[in-house]
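Given next are the chains, with one letter for each unit.
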Amino acid sequence: MKTVILSFLFTLGIFSNADVFAGDVKAGATKSAMCAACHGSNGVSAAGNYPNLAGQHADYIVKQLNAFKSGERKDVMMAPMAAGLSDTDMADIAAYFASFSRDGTPPPPPSGEESTAAESVTPVRAATVKPDYVPDAIAGKLLYQLGDQKRDITACIGCHGTDGNSDVLINPNLAKQHPEYIVKQLNNFKENSRNNAVMNQISGNLTSNDIANLGAYLSDTSAVGEVKATSVVVRKSFVGDVAAGKAKALTCAACHGSDGNPAVAMYPALAGQSESYLFKQLQDFKDAVETKGENGRVDPVMAGMVAPLSDDDMQNLSAYFASQTLNPIITKANAKGKKLFISGDPINGITACMACHSINGKGMDNAAFPSIAGQSVSYLKAQLEKFRSASRGNDKNSMMRSIAANLSDQDIEAVSQYMASLK
Ligand code: HEC
Ligand code: HEC
Ligand code: HEC
Ligand code: HEC
């Protein structure tokens with residue numbers, strides 16, 4: 001029963017960081033023999049269209065194997081491979097490939113034991129087709145780290161980690177992957193032949209040159225040094241002008257506090273919130289007025305506040321509040337809420353909140369995913385209820401509305417308590 005439920009959770013991609021699937025590396029070494037032909041015995045494959053599995057997160061490998069087995073992810077070669085694997089086989093094989101480092105170096109054997117790594121098969125390099133565009137790894141790195149706000153491309157770094165090594169275990173490592181494979185997957189996401197809501201949206205705005213550049217960067221992230229350091233996002237440097245924002249913030253103080261820590265819980269804390277998220281909200285409040293509620297975020301109070309603000313004012317105000325320190329209200333943690341936040345609820349179709357708001361609740365600034373840590377319970381509850389009734393509809397691709405639709409009143413209470421308790 002336990003494995004049945006777990007595999008179901010993985011199928012839905014709900015589990016994110018729990019190490020519940022501790023497979024047996026030794027058993028995996030034996031079972032992975034049939035994978036070696038394409039993926040290499042140490043998970044480093046010969047041909048660019050066969051992904052490297054060495055050092056990939058075990059959780060991600062299991063999730064993909066389940067997706068190939070269920071037909072949710074389609075591939076003529078992998079479908080028959082995954083069809084015959086039980087949950088235990090998947091866990092063991094995943095543990096085996098995950099035990100290598102990204103370049104295929106086996107783990108040191110435990111003292112007194114022989115290495116579990118199969119004898120390394122030297123893969124035959126497939127002929128590389130000469131592309132008519134010479135990819136630019138530096139441009140790839142900049143796009144990876146910064147995204148491109150004008151073209152609506154979310155930075156990759158928030159989800160796939162610094163230099164392509166992600167902290168969230170269902171988000172794949174991309175470093176040291178074959179560029180051909182990266183290019184193929186981004187095209188599959190773009191054409192919706194591989195389905196993942198976030199990746200489908202992001203890849204939609206990538207050009208073929210962007211994709212080639214990203215492939216070139218990810219194939220060897222360490223080869224691209226600290227390029228144009230000034231344009232690479234450094235946390236705690238802001239797009240807007242903090243001092244100019246502070247001067248403008250006097251009118252906000254009555255409700256949000258002069259430093260973004262409100263005195264009354266119904267008003268959201270703005271201190272330490274993501275700058276890009278704050279900027280988006282201010283624009284959304286204004287858009288709602290201009291489109292008579294068709295687009296944006298409808299709020300009568302904030303509509304009046306943003307009316308006189310220019311884009312520069314909004315950027316500066318966002319920078320100012322983002323630069324302030326949040327004084328979280330002391331709230332007790334909530335076990336049910338914690339479970340929902342970290343693992344989601346597969347039975348009711350609720351994605352784990354940490355996949356986007358991150359494990360500590362601080363969100364992802366590059367993606368304009370808000371920090372919800374230490375925000376007041378009453379404000380968090382009110383927003384979840386608004387997303388649930390769709391009276392707040394400014395979330396791209398209905399990311400929050402589709403999740404909130406499945407939350408019960410008790411879920412909202414519990415998860416709001418938990419989010420408020422995060423520091
Ligand atoms: C005949 C060649 C072949 C064999 C054998 C094979 N694979 Fe694959 N595998 C592929 C190809 C091709 C893809 C990429 C599919 C795509 O483009 O979406 C893939 C993709 C994968 C992925 C997804 C990787 C990612 O980064 O998303 C996993 C996991 C995987 N294979 C595991 C296995 C395991 C485990 C076995 C052995 C039981 C195996 N494969 C055997 C060809 C093969
Ligand atoms: C909000 C989080 C998020 C952002 C931002 C994001 N990704 Fe992803 N990405 C994911 C997830 C989750 C998956 C795994 C999808 C699945 O389970 O099939 C993925 C999968 C991928 C894959 C397939 C990897 C494999 O091994 O098959 C590639 C390539 C990729 N992303 C590239 C990018 C690039 C390039 C960017 C930036 C332009 C980006 N991603 C931005 C979450 C994200
Ligand atoms: C009279 C009280 C009041 C004043 C003054 C006020 N706000 Fe607000 N603000 C609110 C309320 C109420 C909300 C929550 C709206 C909702 O429930 O969606 C809000 C929400 C926000 C949000 C969204 C926060 C989030 O986490 O999504 C931002 C950003 C914001 N205000 C910025 C400002 C700025 C900047 C100013 C000054 C120019 C300002 N506010 C002045 C009452 C006020
Ligand atoms: C796929 C990504 C994703 C997942 C998963 C997700 N969120 Fe969100 N969430 C967002 C985005 C994006 C926004 C901001 C939308 C906007 O631009 O206004 C948001 C906004 C919120 C807000 C409003 C914050 C504010 O300051 O107004 C709350 C509260 C929230 N999410 C809670 C949750 C909870 C609880 C879960 C899990 C049950 C969850 N989220 C899962 C992406 C996500």
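These figures come from a predicted structure and were not determined experimentally.

Participant: I'd like a description of the overall build of the protein, backed by residues and values.
Facilitator: The number of helices and strands found in the protein is 21 helices and 0 strands. For the protein, contacts bridging at least 24 residues in sequence account for 72% of all contacts bridging at least 6.

Participant: Account for the environment of I372, with residues named and values stated.
Facilitator: Tracing the backbone through its elements, the reader meets I372 in the loop between helix 18 (354-357) and helix 19 (377-388). Each C-alpha atom, one on I372 and one on N360, is 9.1 Å from the other, the two residues being 12 residues apart in sequence. Filtering out sequence-adjacent residues up to four positions away, I372 remains in contact with H357, G361, G363, L380 and M419.

Participant: I'd like a description of the site of ligand 3, backed by residues and values.
Facilitator: Every one of the 18 residues lining ligand 3 counts as a neighbour, but C252, C255, P268, Q281 and M305 are closest to it. Those elements that place two or more of their residues in the shell around ligand 3 are helix 13 (253-256), helix 14 (275-290) and helix 15 (300-306). Among the residues forming the shell around ligand 3, the class breakdown is 14 nonpolar, 3 polar and 1 charged.

Participant: Lay out the packing of helix 4 (residues 58-70) against helix 6 (residues 87-98) with the relevant residues and their values.
Facilitator: For the pair helix 4 and helix 6, interaxial distance at closest approach is 8 Å and the crossing angle is 135°. As far as their axial angle goes, helix 6 and helix 4 are oblique. Between helix 4 and helix 6 the crossing geometry is right-handed. Facing A58, I61, V62 and L65 of helix 4, the residues of helix 6 in contact are M90, A91, A94, A95, F97 and A98. Per-class residue counts for the contact of helix 4 with helix 6 are 10 nonpolar, no polar and no charged.

Participant: Account for the nonpolar core, with residues named and values stated.
Facilitator: In terms of nonpolar packing, the biggest core is built from 92 residues, with I61, A94, F97, L214, V415 and M419 touching the most fellow members. When residues in this core are grouped by element, the largest group, 8 residues, is from helix 6. Dropping the residues within four chain positions of it, F97 is found in contact with S32, G43, L53, A54, Q56 and I61.

Participant: Go over the environment of T207, please, and point to the residues and values.
Facilitator: Here T207 shows up in the loop between helix 10 (197-204) and helix 11 (208-219). Assessed through the 10 C-beta atoms surrounding it within 10 Å, T207 is described here as exposed. For the pair formed by T207 and N187, sequence separation is 20 residues and the distance between their alpha carbons is 9.7 Å.

Participant: Kindly report on the site of ligand 4, identifying the contributing residues and their values.
Facilitator: Residues in close proximity to ligand 4 total 22 residues, the closest being T351, C353, C356, Q383 and D395. When grouped by side-chain class, the residues that make up the shell around ligand 4 number 16 nonpolar, 4 polar and 2 charged.

Participant: Break down the environment of S376 for me, citing the residues and quoting the values.
Facilitator: By the element assignment, S376 lies in the loop between helix 18 and helix 19. Linking S376 and P262, residues 114 residues apart in sequence, is a C-alpha distance of 9.6 Å. If near-sequence neighbours (up to four positions away) are discounted, S376 is found in contact with A265, A269, I329 and A420.

Participant: Provide a residue-level description of helix 9 (residues 179-190), including the pertinent values.
Facilitator: With 12 residues, helix 9 should reach 16 Å at 1.5 Å per residue; the first-to-last C-alpha distance of 16 Å fits that figure. Along helix 9, the residues that are buried comprise P179, Y181, I182, V183, Q185, L186 and F189. The secondary structure elements touched by the buried residues of helix 9 are helix 10 and helix 11. Immediately downstream of helix 9, the backbone of N192 shows phi near 60°, a positive value.

Participant: Describe unusual backbone geometry, listing the residues and the values that go with them.
Facilitator: Backbone geometry places N192, a non-glycine residue, at a positive phi of 60°. On the secondary structure map, N192 appears in the loop between helix 9 and helix 10. Residue classification places N192 among the exposed residues on the basis of 12 C-beta atoms within 10 Å. Backbone geometry at K292 places phi at a positive 50°, although glycine is not the residue there.

Participant: Tell me about the packing of helix 17 (residues 335-343) against helix 21 (residues 409-421), residues and numbers included.
Facilitator: Running from N to C, helix 17 and helix 21 point in directions that differ by 85°, and their axes come no closer than 7 Å. One way to sum up the angle between helix 17 and helix 21 is to call them roughly perpendicular. Within the contact between the two elements, helix 17 uses K336, G337, K338, L340 and F341 and helix 21 uses D411, A414, V415, Q417, Y418 and M419. Of the residues in the contact of helix 17 with helix 21, the class split is 6 nonpolar, 2 polar and 3 charged.

Participant: Which residues make up helix 21, and what values do they have?
Facilitator: In this model helix 21 runs 19 Å from its N-terminal to its C-terminal C-alpha over 13 residues, within 8% of the 18 Å that 1.5 Å per residue would give. Within the sequence span of helix 21, burial applies to I412, A414, V415, S416, Q417, Y418, M419, A420 and S421. Elements that come into contact with the buried residues of helix 21 comprise helix 17 and helix 19.

Participant: Pulling in residues and values, what's your account of the confidence of the model for the protein?
Facilitator: Model confidence for the protein is summarised by a mean pLDDT of 85, while 87% of its residues fall at 70 or above. Per-residue pLDDT, averaged within each element of the protein, yields its smallest value for helix 1 (residues 2-11) (38) and its largest for helix 19 (97). When the criterion is pLDDT under 50, residues 1-20 qualifies, and its contacts beyond four places in sequence or with other chains add up to 40 contacts. Low confidence marks residues 227-235, where pLDDT is under 50. Its contacts with residues over four positions away, or in another chain, come to 8 contacts.

Reading the values: rules and limits
Residues numbered from 1 in each chain as written. Chains lettered and ligands numbered in written order. Predicted model: local features only at pLDDT ≥ 70, side-chain atom pairs only at ≥ 80, totals over all residues. Helix = DSSP H or I, 4+ residues; strand = E, 2+ residues; numbered from the N terminus. Contact = placed C-beta atoms within 7 Å. Near = placed C-beta within 6 Å. Nonpolar A, V, L, I, M, F, W, Y, C, P; charged D, E, K, R; others polar. Axes fitted to C-alpha atoms, helices over the stretch in contact; angles between N-to-C directions. Parallel < 35°, antiparallel > 145°, perpendicular 65-115°, else oblique. Left-handed = near helix turned anticlockwise from the far one by under 90°. Core = buried A, V, L, I, M, F, W, Y, C linked by C-beta atoms within 7 Å. Buried ≥ 20, exposed ≤ 12 C-beta atoms within 10 Å, placed from the backbone. Expected span 1.5 Å × (residues − 1). pLDDT = per-residue confidence, 0-100.

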